[in-house]
Amino acid sequence: MMVKKKQPKIYCCYCSEKLTYHMEEGVKRLYCSDCRMYHYENPLPAYAVVAFDESGERVLLIKRGVEPGAGMWALPGGFMEVDEGLAAGAARELQEETGLEAQSFQLIELHSHMSDIYGQVIILGYLAEGVSGEPKAAGDARDAKWYPLDEMPLLAFESHRALIEKAREV
Ligand SMILES: [Zn+2]
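Residues numbered from 1 in each chain as written. Predicted model: local features only at pLDDT ≥ 70, side-chain atom pairs only at ≥ 80, totals over all residues. Heavy atoms only, no water.

Q: Got a sec to walk through the packing of aromatic side chains? Specific residues and values, please.
A: Counted according to the given criterion, the structure contains six aromatic pairs. Taken together, the aromatic side chains of Y31, Y38 and Y40 make up a single cluster linked through ring pairs. Positioned above the aromatic ring of Y21, the side-chain terminus of K28 is 4.7 Å from the ring centre. In this structure, K145 is placed above the aromatic ring of Y147, and the distance from its NZ or CZ to the ring centre is 4.6 Å. (Phe/Tyr/Trp six-rings, centres within 6.5 Å; stacked < 30°, edge-to-face > 60°. Lys NZ or Arg CZ within 6 Å of the ring centre and 35° of its normal.)

Q: So what about the nonpolar core? Which residues, and what values?
A: Formed by 19 residues in total, the largest nonpolar core has its most connected members in V50, F52, V59, L61, L75, L163 and I164. Those elements that provide at least two residues to this core are β4 (44–51), β5 (58–64), β9 (119–129) and α2 (158–169). Residue contacts for L61: discarding those within four places in its chain leaves W73, A74, L75, D143, A144, K145, Y147, M152, P153, L155 and I164. Counting twelve residues, the second-largest nonpolar core is a separate cluster that includes Y47, V49, A90 and L94. (Core = buried A, V, L, I, M, F, W, Y, C linked by side-chain atoms within 4.5 Å. Buried < 20%, exposed > 50% of the residue type's maximum accessible area, 1.4 Å probe, protein only. Helix = DSSP H or I, 4+ residues; strand = E, 2+ residues; numbered from the N terminus. Contact = heavy atoms within 4.5 Å.)

Q: Quick one: what's the story with the environment of K4, residue by residue and with numbers?
A: With respect to the helices, strands and loops of the structure, K4 is situated in the segment before β1 (20–24). Along the primary structure K4 and V59 are separated by 55 residues, whereas in three dimensions their C-alpha atoms are 31 Å apart.

Q: Help me get a handle on the coordination of the zinc ion, residues and values and all.
A: Taken together, C12 (SG), C15 (SG), C32 (SG) and C35 (SG) make up the full set of protein donors to the zinc ion, lying 2.3 Å away. Classification of the site at the zinc ion as tetrahedral follows from its four donor atoms and the range of 100 to 116 degrees in their angles at the metal. Here the donor residues of the zinc ion share one chain and are spaced in sequence as C-x2-C-x16-C-x2-C. Remark: C35 occurs in the loop between β2 (27–32) and β3 (37–39) and C12 occurs in the segment before β1; sequence separation between them is 23 residues. (Donors = N, O, S within 2.8 Å, 3.2 Å for Na, K, Ca; no water. Tetrahedral: all angles 85-135°; square planar, octahedral: opposite > 155°, others 65-115°.)

Q: Kindly report on the pairing of strand β8 (residues 104–115), identifying the contributing residues and their values.
A: Relative to β9, β8 is paired through eleven bridges, and the arrangement is antiparallel. Bridging across to β9, M114 finds its partner in Q120. Count of turn residues in the β8/β9 antiparallel hairpin: three residues. (Pairing = 2+ DSSP bridges.)

Q: Can you break down the domain arrangement of the protein residue by residue, with the values?
A: Domain annotation for the protein reports domain 1 (7–41) and domain 2 (44–169). Averaged C-alpha coordinates put domain 1 and domain 2 at centres separated by 35 Å. (Domains from an automatic or database assignment.)

Q: Account for the sheet that holds β1, naming residues and giving values.
A: Taken together, the three strands give an open sheet; going across it, the order is β1-β2-β3, and neighbouring strands pair in antiparallel fashion. In the strand order of this sheet, the two ends are held by β1 and β3, each with one partner. Averaged over all adjacent pairs, the angle separating strand axes in this sheet is 55 degrees, with direction ignored. When β1 meets β2, the two strands line up antiparallel, connected through five bridges. Bridge pairing in β2 links Y21 to L30. (Axes fitted to C-alpha atoms, helices over the stretch in contact; angles between N-to-C directions.)

Q: Account for the sheet that holds β5, with residues named and values stated.
A: The strands that make up a sheet pair up through hydrogen bonds in the backbone, lying either parallel or antiparallel. Here three strands make up an open sheet; going across it, the order is β6-β5-β10 and the pairing antiparallel. On the outer flanks of this sheet lie β6 (73–74) and β10 (141–148), each paired with one strand and no other. Relative to β10, β5 runs antiparallel, the two being bridged by seven bridges. Considered in β10, the bridge of I62 is made with A144. On top of the sheet, helix α1 (residues 86–98) reaches β5 and β10; it is set at about 70 degrees to β5, its chief contact.

Q: Hey, could you go over α2 for me, with residue numbers and the actual values?
A: Here α2 contains twelve residues, and its C-alpha end-to-end distance of 18 Å stays within 8% of the 16 Å for a straight helix at 1.5 Å per residue. Turning to α2, its buried residues are S159, H160, L163, I164 and A167. Each buried residue of α2 lies within a common arc of 145 degrees when the element is viewed along its axis, so the set occupies one face. In α2, those exposed residues whose orientation departs by more than 90 degrees from the buried face are E158 and E169. Close packing links the buried residues of α2 with β4, β5, β6, β8 and β9. (Expected span 1.5 Å × (residues − 1). Arc of directions from axis to C-beta.)

Below you can see the structure in the form of structure tokens.
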């Protein structure tokens, strides 16, 4: 699969004028000389959801269907939508990729990750509690299963392994 990198914005989204770089308080930023406005580029928030089964010995993983890390195992997750609440997005991603629901969600940790494709991503690490049943992969996931913690495969992202460790202490 061809991986495309996120490109900087070239044109103003308000007036379609070509953007240039200007220094604002020592930071190089995109600027529209027509609107006299800076165009800020910000990190993207994304979810990673940790769920353990009733025994606490198995963690829910999905096999990624899309880059980055296509074909590798990872926590269920994905980007936050513009119009959803924090925990609602974690519930949506869990449901979309595994078909499972949780009784509650708890924000446990934040990570920042520099992605080749998306630039800086802020990962919202959620612990999903009260998740049971057999997962059924859908959405961006090619497979989904409960993995024994002592037999976990190599994960697509180091931050996901750290989140699983953190979730075990909660
Ligand atoms: Zn403009």
